[in-house]
Structure formats: structure tokens, C-alpha cells
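Structure assessment
So the chains spell out like this:
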Amino acid sequence: GIQVEQSPPDLILQEGANSTLRCNFSDSVNNLQWFHQNPWGQLINLFYIPSGTKQNGRLSATTVATERYSLLYISSSQTTDSGVYFCAVGVNTGTASKLTFGTGTRLQVTL
Amino acid sequence: AAGVIQSPRHLIKEKRETATLKCYPIPRHDTVYWYQQGPGQDPQFLISFYEKMQSDKGSIPDRFSAQQFSDYHSELNMSSLELGDSALYFCASSRSGGAPRVGELFFGEGSRLTVL
């Protein structure tokens with residue numbers, strides 16, 4: 001199956017700092033999503049971005065499908081950004097297939 | 001906007017008991033997915049349904065079964081529970097647009113199962 005690697009595995013930032021999270025995947029994909037799992041366990045959709053660039057407030061994401069990677073940028077980080085960031089990818093196989101998750105980047109934003 | 005609704009949010013069971021989790025997808029979404037997330041792990045795919053038919057299967061134990069009903073809600077049944085089944089169980093839904101494909105997934109808040 002498709003492999004999804006995320007880096008770094010852990011990240012500690014001071015409030016106000018910027019960061020870049022990376023997601024590498026092993027095969028061509030039809031779907032790529034970024035999620036934030038907050039400390040209460042909720043999975044929050046950040047971006048649906050199989051290719052191109054999107055921005056939403058302090059967050060932006062870029063997927064370069066031909067090179068099989070995606071980047072999530074967090075600017076001016078806040079303590080509420082803490083949690084685990086997951087990249088998940090999907091491949092259309094003729095059936096309603098699944099998203100495969102990476103192992104996540106655990107972010108802690110401190111005051 | 002309506003989201004994916006899961007119930008119950010928390011569930012405590014003894015070993016060897018049975019548990020049923022329910023999921024109500026976003027209206028007009030035709031695909032439902034179930035994921036299991038153990039402590040400190042990433043979510044693992046269990047099973048999916050497209051238009052009420054099973055469409056893909058992951059690492060779902062034989063003790064687990066699931067189905068999607070005519071109103072598109074789905075249930076995950078887990079029998080002979082083991083300690084290792086303690087996890088957060090997510091349901092997600094997507095709209096495929098007329099053909100089975102991996103559309104954008106929206107997740108519910110999860111059901112936390114604790115097996116004692």
C-alpha cells in the first residue's frame with residue numbers, strides 16, 4: 001500500500017513563530033488532506049489539496065503532486081495550534097477507497 | 001452546516017461484551033468510512049461503504065462487523081471485546097459525486113471506547 005511519511009515527528013514552538021510541516025508519499029494520489037487533531041481528539045479538516053496551493057488565515061498548504069510531497073505552513077503560531085497534524089492521502093481504485101494517514105507531527109506551542 | 005454525528009461519544013465495556021457505535025453522515029454524502037485510533041497512533045482504516053454497499057476493507061477484526069442502512073446511517077458492531085479494542089473510533093463521510101472515489105472526508109468527533 002501507499003506509504004505516507006511526515007516530518008518532523010515532534011515540534012516545539014514559541015508563540016508567534018512560523019513552521020513548515022512536510023508530508024511525503026510513495027505513489028500518485030487523487031486526494032490529499034491535512035487535519036489537525038486537537039487535545040480533545042477531534043479531527044479538524046484543514047485543507048483538501050491534491051495539488052496546488054491554498055491559504056486559510058494563518059495556515060497555507062502546497063502540494064506538488066509530481067514530486068509526491070505536500071507542505072503545511074503555520075505562521076504566527078498560537079497556543080491553540082497545539083496538537084497533532086496529520087497528512088492523509090487517497091488513491092481512486094474503482095471502489096470508494098480510503099485515506100491513508102501519516103504518523104503525524106506533534107506540535108506544541110508555548111508562551 | 002451539518003456535520004457527521006457519532007454516538008455514543010463515550011462507552012465503557014467489560015471484556016467479552018458487545019458494543020455498537022452509530023454514525024450519521026452529512027446529508028447527501030454517499031460514502032461512509034470507519035477508522036480506529038489507538039493511543040498515540042494514527043487513525044487506521046477499518047471499512048467503508050458506498051451507497052450502502054461495502055466498498056473497501058482494511059484491518060478490521062473478524063469480531064467486528066458494520067453495515068450502512070437505507071437512510072445512510074452506519075453502525076459498527078464489535079463483539080467479544082478485548083482490552084486492545086480500547087480506542088477512539090471515527091466515522092467519516094464524503095460525497096463521491098456519482099462514482100465511488102476518495103472524495104474529501106469529513107470526520108465526526110469520535111466515539112471513545114474503553115474496555116475494562
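A brief look at the structure comes next. No experiment lies behind these values; they were computed from the predicted model shown.

A look at the interface of chain B and chain A
Residue-level contacts link 24 residues of chain B with 23 residues of chain A. Between chain B and chain A the total buried area reaches about 1,900 Å² when both faces are included, carbon and sulfur atoms providing 54% of it. A per-residue breakdown of the area chain B buries against chain A is headed by Val102(B), Glu104(B) and Phe107(B), which together make up 28% of the total. Linking chain B with chain A are one salt bridge, by the criterion used here.

Things to note about the sheet that holds strand β1 (residues 5-7) of chain B
Residue and element names in this part refer to chain B. Read from one edge of the open sheet, four strands run β1-β3-β8-β7, paired in antiparallel fashion. Sheet topology places β1 and β7 (64-68) at the edges, where each strand pairs with a single neighbour. Pairs of neighbouring strands in the sheet enclose a mean axial angle of 15°, with direction left out of account. The sheet contact formed by β1 and strand β3 (residues 19-24) spans three bridges and is antiparallel. Bridge pairing in β3 places isoleucine 5 opposite tyrosine 24.

The rules we used
Residues numbered from 1 in each chain as written. Chains lettered and ligands numbered in written order. Predicted model: local features only at pLDDT ≥ 70, side-chain atom pairs only at ≥ 80, totals over all residues. Heavy atoms only, no water. Contact = heavy atoms within 4.5 Å. Buried area = accessible area lost by both parts, 1.4 Å probe. Salt bridge = Lys/Arg side-chain N within 4 Å of Asp/Glu carboxyl O. Pairing = 2+ DSSP bridges. Helix = DSSP H or I, 4+ residues; strand = E, 2+ residues; numbered from the N terminus. Axes fitted to C-alpha atoms, helices over the stretch in contact; angles between N-to-C directions.

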